[in-house]
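Fold and geometry: a report
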Amino acid sequence: MDWNSYDAALFDLDGVLTPTAEVHMRAWDEMFNAYLASKGIEEPYTDQDYFDHVDGRPRYDGVRAFLASRGIELPEGDPSDSPDEETVSGLGNRKNDAFNAVLARDGVEAYAGSLRLLDALAERGTKMAVVSSSKNAPAVLEAAGIADRFPVVVSGAVAAELGLAGKPSPETFLHAASELGVTKERAVVLEDATSGVKAGRDGDFGLVVGVDRGAGAEGLTAAGADVVVRDLEELLP
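Residues numbered from 1 in each chain as written. Predicted model: local features only at pLDDT ≥ 70, side-chain atom pairs only at ≥ 80, totals over all residues. Heavy atoms only, no water.

The protein chain goes by Beta-phosphoglucomutase in an unreviewed UniProt entry, where it is assigned to Knoellia flava. The record held by UniProt for the protein chain lists under Cofactor (unreviewed entry) the comment "Mg(2+)". Turning to the protein chain, the UniProt record has this under Catalytic activity (unreviewed entry): "beta-D-glucose 1-phosphate = beta-D-glucose 6-phosphate". (UniProt positions renumbered as here; feature names shortened; annotations may be inferred.)

Below, the structure is given as structure tokens:
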């Protein structure tokens, strides 16, 4: 890969820089399967449901998309809803509590290959930002010890505050490029979720890299990835 063709790298966080996708997957699994069991629904939530309906999307969008796949419709509720409330927001907040509990208990470390790429890009002066659907992105970056590497972090909270549409819309990536002062044509999007890859493609960025942490190379390519790798170390200049 020729990094001389690009001025910036826009990284998704979970599954690209840190293995927090695994924490998210466990939290979603526990929350959804407990909910389905409480409703007497025998068909369980699976890892494939995560990749098909949840991965890369803002939390409430993921709740809504999965429930729709099971023919379940709940009131939207409000972001201030208690995790005990049976609303889209309530279930989303229930999952968030589970995620924070696991993060506090187990912590998180950045992927070694991702750290090597970050070091190499910093050395060559490539601008870098994190673009994550998670409102927990700043806490995860701090826990992983890499928060100081990114002058721009567009988290789910920032997107909500600015009224930016979440992935698969390209709005959050476009905002990050603008904040870094680079054009989309000179920016690389790095994503492990098909929704994020689609955002990069629809935003017409210079290059879209799919990172296969489980979504599958075929799915990432179909969503619009120009290149698919298993580890960011493969992209070292």
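Once the structure has been displayed, the description carries forward.
What follows is about the packing of aromatic side chains. For the coordinates displayed, the defined rule picks out seven aromatic pairs. Measuring from centroid to centroid gives 5.2 Å for Trp28 and Phe32, while their planes differ by 15°, and the two rings are stacked. Of this pair, Trp28 and Phe32 both sit in helix H1 (residues 20-38), separated by four residues, roughly a single helical turn. On the basis of relative accessible area, Phe32 is assigned to the buried category, the value being 0%. Grouping aromatic residues by their ring pairs yields a cluster made of Trp28, Phe32, Tyr45 and Phe66. (Phe/Tyr/Trp six-rings, centres within 6.5 Å; stacked < 30°, edge-to-face > 60°. Helix = DSSP H or I, 4+ residues; strand = E, 2+ residues; numbered from the N terminus. Buried < 20%, exposed > 50% of the residue type's maximum accessible area, 1.4 Å probe, protein only.)

The next point concerns the pairing of strand E1 (residues 8-11). Here E1 shows no split at all, with Ala8 and Leu10 on one side and Ala9 and Phe11 on the other all buried. Pairing of E1 with strand E2 (residues 127-131) involves four bridges; the strand directions are parallel. When the sheet's bridge partners are listed, Leu10 is paired in E2 with Ala129. Relative to strand E4 (residues 187-191), E1 runs parallel, the two being bridged by four bridges. The residue of E4 that forms the bridge with Phe11 is Leu190. (Pairing = 2+ DSSP bridges.)

Per the counting criterion, the structure on display carries 15 salt bridges. Salt bridges sharing partners connect three or more residues here, namely Asp12, Lys167 and Glu191. (Salt bridge = Lys/Arg side-chain N within 4 Å of Asp/Glu carboxyl O.)

Looking now at the packing of helix H3 (residues 59-69) against helix H4 (residues 88-106). Contact geometry of H3 with H4 gives a least axis separation of 9 Å together with a crossing angle of 115°. The angle between H3 and H4 places the two elements in the roughly perpendicular class. For the element pair H3 and H4, the recorded crossing hand is right-handed. On H4, the residues that touch Arg59, Tyr60, Val63, Arg64 and Leu67 of H3 are Val88, Ser89, Leu91, Gly92, Asn93, Lys95 and Asn96. Of the residues in the contact of H3 with H4, the class split is five nonpolar, four polar and three charged. (Axes fitted to C-alpha atoms, helices over the stretch in contact; angles between N-to-C directions. Parallel < 35°, antiparallel > 145°, perpendicular 65-115°, else oblique. Left-handed = near helix turned anticlockwise from the far one by under 90°. Contact = heavy atoms within 4.5 Å. Nonpolar A, V, L, I, M, F, W, Y, C, P; charged D, E, K, R; others polar.)

Below, the discussion takes up the nonpolar core. Ranked by size, the top nonpolar core spans 33 residues in total, and within it Phe11, Leu17, Phe150, Leu190 and Leu232 carry the most contacts. Taken together, the elements giving at least two residues each to this core come down to E1, H1, H4, helix H5 (112-124), E2, helix H6 (137-144), E4 and strand E5 (207-211). A total of four residues in this core trace back to one element, the largest contributor, which is H6. Ignoring any residue separated from it by four or fewer positions in sequence, one finds Leu190 in contact with Ala9, Leu10, Phe11, Asp12, Val16, Leu117, Val209, Leu232 and Leu235. (Core = buried A, V, L, I, M, F, W, Y, C linked by side-chain atoms within 4.5 Å.)

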